[in-house]
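One-letter residues, chain by chain:
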Amino acid sequence: MAITEAMWVHGHAMRVEYPDRLSSTWRAGFYVRTVGKPNSTNWFHFAVPTTVIVKNKRQMVDSVMLRFRAGSNHASVTNVHVYDGPTRIATHDGLDISPSGFEFHRFNVAGKPDVLWGIGISIGVKFSGTTDAQNTLEFSSAGCDFNLFETVRLHFKVLTAPDIAIDTMLDSMRQVYEPAGFRVVRASDENLNLPDLNVVDVGQCRRGQTTDEQDTLFANRNNAGANDVVVYFVDATSPPYNGCAAHPTGQPGAVVASGATRWTLGHEVGHVLGLSHVNNNDQLMTGNGTSSITNPPPDLATSEITTMRNSNLTINP
Amino acid sequence: MAMTLEQLRILLSNEEPDYIKIAASLDASDTAHIKQLAADQDEMLASKAVYLASLAVDPTASDIVIDAADSDRKRIKISAASANANLSDSKKNRVAEKLIDCDDVSIQKLVVRSLSKPSAAIKTKLRKLSTDSSSQVVRNLCTDKLKTTP
């Protein structure tokens, strides 16, 4: 997928949060060189000039990039946080990156949010060496890629929280959908107190066939537009399924049972977008159960991506 | 046709198993495998095996559903309640006796809905639920069931 916009700033632009924790800062023509005091941490910040709208299209944040090197493995990047104005839109923690030569590193922004206010990249660093040479980090550039994705808008209606956190299910779904060019937007969340529907009768779970209980449940579409997909998290279905994507006409959605796997959400929304089962455990739509998926994250086939693009539930940017 | 345990596990691991199709391919020699899967640590798999047992042609497979009604695991109880609709009248009442007092509206709903010829003891419980249940749906189901069953 082609990048629609890319913005970079030179290392000179870097701002240091705690200057007193550095032995020195040197802005040369090539880069900014920082030498940290022994056993110190710090945050370095890059403000990336951001064209939020290009040709009347609001851009979506794809990923941010850094190009830097370290004097030793005692000087490292430990965190990369991405902000759009005041909102943190991505966190990469627990890093330990100390390239000996200038290296390019890309950090994904999951969810591919619309950019509104301007991108800031905050970099956590650690210096644990004893000499200036060991505690040196040099940044030559920082940047951000923007893109335009087809979008699936999801609304979550929770009757029972699933065993696997909804955040995990959504993150897993994005791992499959985003490389295929689909952005998954969590448009709203709502808790529903409907104990009578917490185990919902889904019949044989056939496309185009719904029970009275499905009809009643799927009528709950607060905040959802006609082409938005509503996912109902229930305790269980009757009969027992991990999920079921059969939905009333004009009310696209699916139910996901509390015992579902991390991939069930993406699988059921795949059905809603028109996909059928395949006999391949490397793929999201495997008919052998998403608990059997090998080589995670699972894939979407080219033909499946075409089907999804043709769905009126994937919205062109 | 007898299946291996692994074949049955794969079929039931499907997000949305085709129970009717699977049941049609089973014979009495598969019941032991269904029973084993109904006790599996994976609750989703176990609950699916319990439901499948209710559709198996082997009459002894329904004992898996009756036993599931005593389970400590809520999903297994739910599955037994759901599966009860497929059992014979006498066995439905046995499952219902185990589950109808369960303090869970969802399970009560499934059990009441599954009944076709409730025993005298079950009818007594239906009368009580028809006035005492916290759920309007369950109260209505009980009232209707008492009117429409012999």
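Residues numbered from 1 in each chain as written. Chains lettered and ligands numbered in written order. Predicted model: local features only at pLDDT ≥ 70, side-chain atom pairs only at ≥ 80, totals over all residues.

Caption draft 1: Highlighting the overall build of chain B. Scanning chain B from terminus to terminus reveals 10 helices and zero strands. Seen in sequence order, chain B has helices and strands lined up from the N terminus as α-α-α-α-α-α-α-α-α-α. Taking 15 Å as the expected radius of gyration for a compact globule of 150 residues, we find that chain B reaches 16 Å, a close match to that expectation. Principal axes of the C-alpha set define a box for chain B whose edges measure 50 × 25 × 20 Å. Within chain B, counting contacts between residues at least 6 apart in sequence, those at least 24 apart form 61% of the total. (Helix = DSSP H or I, 4+ residues; strand = E, 2+ residues; numbered from the N terminus. Rg over C-alpha atoms; globule rule 2.2 N^0.38 Å. Contact = placed C-beta atoms within 7 Å.)

Caption draft 2: Summary view of the overall build of chain A. Helix and strand content of chain A: four helices and 20 strands. Principal-axis analysis of the C-alpha atoms gives chain A an extent of 70 × 40 × 35 Å. Looking at the 317 residues of chain A, the share that counts as buried comes to 43%. If you take every contact in chain A between residues at least 6 apart in sequence, the share linking residues at least 24 apart comes to 71%. (Buried ≥ 20, exposed ≤ 12 C-beta atoms within 10 Å, placed from the backbone.)

Caption draft 3: A look at unusual backbone geometry. All names here are of chain A. Here Ser 238 and Pro 239 are connected by a cis peptide whose omega angle stands at 0 degrees. By the secondary structure assignment, Pro 239 is in the loop between β18 (236-238) and β19 (243-244). Following Pro 296, the chain continues to Pro 297 via a peptide bond in cis, the omega torsion being -5 degrees. Although it is not a glycine, Lys 55 sits at a positive phi angle of roughly 50 degrees.

Caption draft 4: Here's a closer look at helix α4 (residues 43-55) of chain B. All names here are of chain B. With 13 residues, α4 extends 19 Å from end C-alpha to end C-alpha; this agrees with the ideal 18 Å at 1.5 Å per step. Among the 13 residues in α4, 12 count as buried, and that is most of the element. Considered for burial, the residues of α4 that qualify are Met 44, Leu 45, Ala 46, Ser 47, Lys 48, Ala 49, Val 50, Tyr 51, Leu 52, Ala 53, Ser 54 and Leu 55. The secondary structure elements touched by the buried residues of α4 are α1 (5-13), α2 (19-24), α3 (31-38), α5 (62-68) and α6 (74-83). (Expected span 1.5 Å × (residues − 1).)

Caption draft 5: The sheet that holds strand β9 (residues 75-84) of chain A, seen in detail. Residue and element names in this part refer to chain A. Overall, antiparallel pairing links the five strands, which are arranged β2-β5-β12-β9-β10 in an open sheet. On the outer flanks of this sheet lie β2 (15-16) and β10 (87-92), each paired with one strand and no other. Bridge analysis of strand β5 (residues 40-48) against strand β12 (residues 119-127) gives nine bridges, and the strand direction is antiparallel. Pairing of Thr 41 across the sheet is with Lys 126, part of β12. (Pairing = 2+ DSSP bridges.)

Caption draft 6: Seen up close, the interface of chain A and chain B. Listed by partner, the interface residues are 23 residues for chain A and 21 residues for chain B. Elements that contribute at least two residues to the side of chain A that touches chain B include exactly β18, β19 and α3 (264-272) of chain A. Classifying every residue of the side of chain A that touches chain B gives eight nonpolar, 13 polar and two charged. (Nonpolar A, V, L, I, M, F, W, Y, C, P; charged D, E, K, R; others polar.)

Caption draft 7: A look at the packing of α4(B) against α6(B). Residues and elements named next belong to chain B. Interaxial distance between α4 and α6 falls to 9 Å at its minimum, and their mutual angle equals 20 degrees. Overall, the two elements α4 and α6 adopt an arrangement that is roughly parallel. α6 is crossed by α4, and the crossing has right-handed handedness. Contacts between α4 and α6 involve Glu 43, Ala 46, Ser 47, Val 50, Tyr 51, Ala 53 and Ser 54 from the first element and Arg 75, Ile 76, Ile 78, Ser 79, Ala 80, Ser 82 and Ala 83 from the second. Residue composition of the contact of α4 with α6, grouped by class: eight nonpolar, four polar and two charged. (Axes fitted to C-alpha atoms, helices over the stretch in contact; angles between N-to-C directions. Parallel < 35°, antiparallel > 145°, perpendicular 65-115°, else oblique. Left-handed = near helix turned anticlockwise from the far one by under 90°.)

Caption draft 8: The nonpolar core, seen in detail. Judged by nonpolar contacts, the single largest core of 123 residues is most densely connected at Ala49(B), Val50(B), Leu52(B), Ala53(B), Val65(B) and Ala80(B). Leave out the neighbours within four places in its chain, and Ala53(B) touches Ile34(B), Ala38(B), Ala61(B), Ser62(B), Ile64(B), Val65(B) and Ala83(B). (Core = buried A, V, L, I, M, F, W, Y, C linked by C-beta atoms within 7 Å.)

Caption draft 9: Looking closely at the environment of Asp282(A). All names here are of chain A. Turning to its location among the elements, Asp 282 is positioned in the loop between α3 and α4 (302-310). The exposure class of Asp 282 is partly exposed, given the 14 C-beta atoms found within 10 Å. A sequence separation of 15 residues divides Asp 282 from Pro 297, and the C-alpha atoms of the two residues are 8.1 Å apart. Non-local contacts of Asp 282, meaning those with residues more than four positions away in its chain, are made with Thr 294, Asn 295, Pro 298 and Asp 299.

Caption draft 10: Highlighting the pairing of β12(A). Residue and element names in this part refer to chain A. Most of β12 is tucked away, with seven of its nine residues classed as buried. Across nine bridges, β9 lies against β12 in antiparallel orientation. Following the sheet pairing, Val 82 is matched in β12 by Ile 121.

Caption draft 11: Here's a closer look at the domain arrangement of chain A. Residues and elements named next belong to chain A. Considered domain by domain, chain A is made up of domain 1 (5-147) and domain 2 (150-310). Taken over C-alpha atoms, the centre of domain 1 sits 36 Å from the centre of domain 2. On the domain 2 side, the residues contacting the four residues of domain 1 number four residues. A per-class count over the side of domain 1 that touches domain 2 returns two nonpolar, one polar and one charged. (Domains from an automatic or database assignment.)

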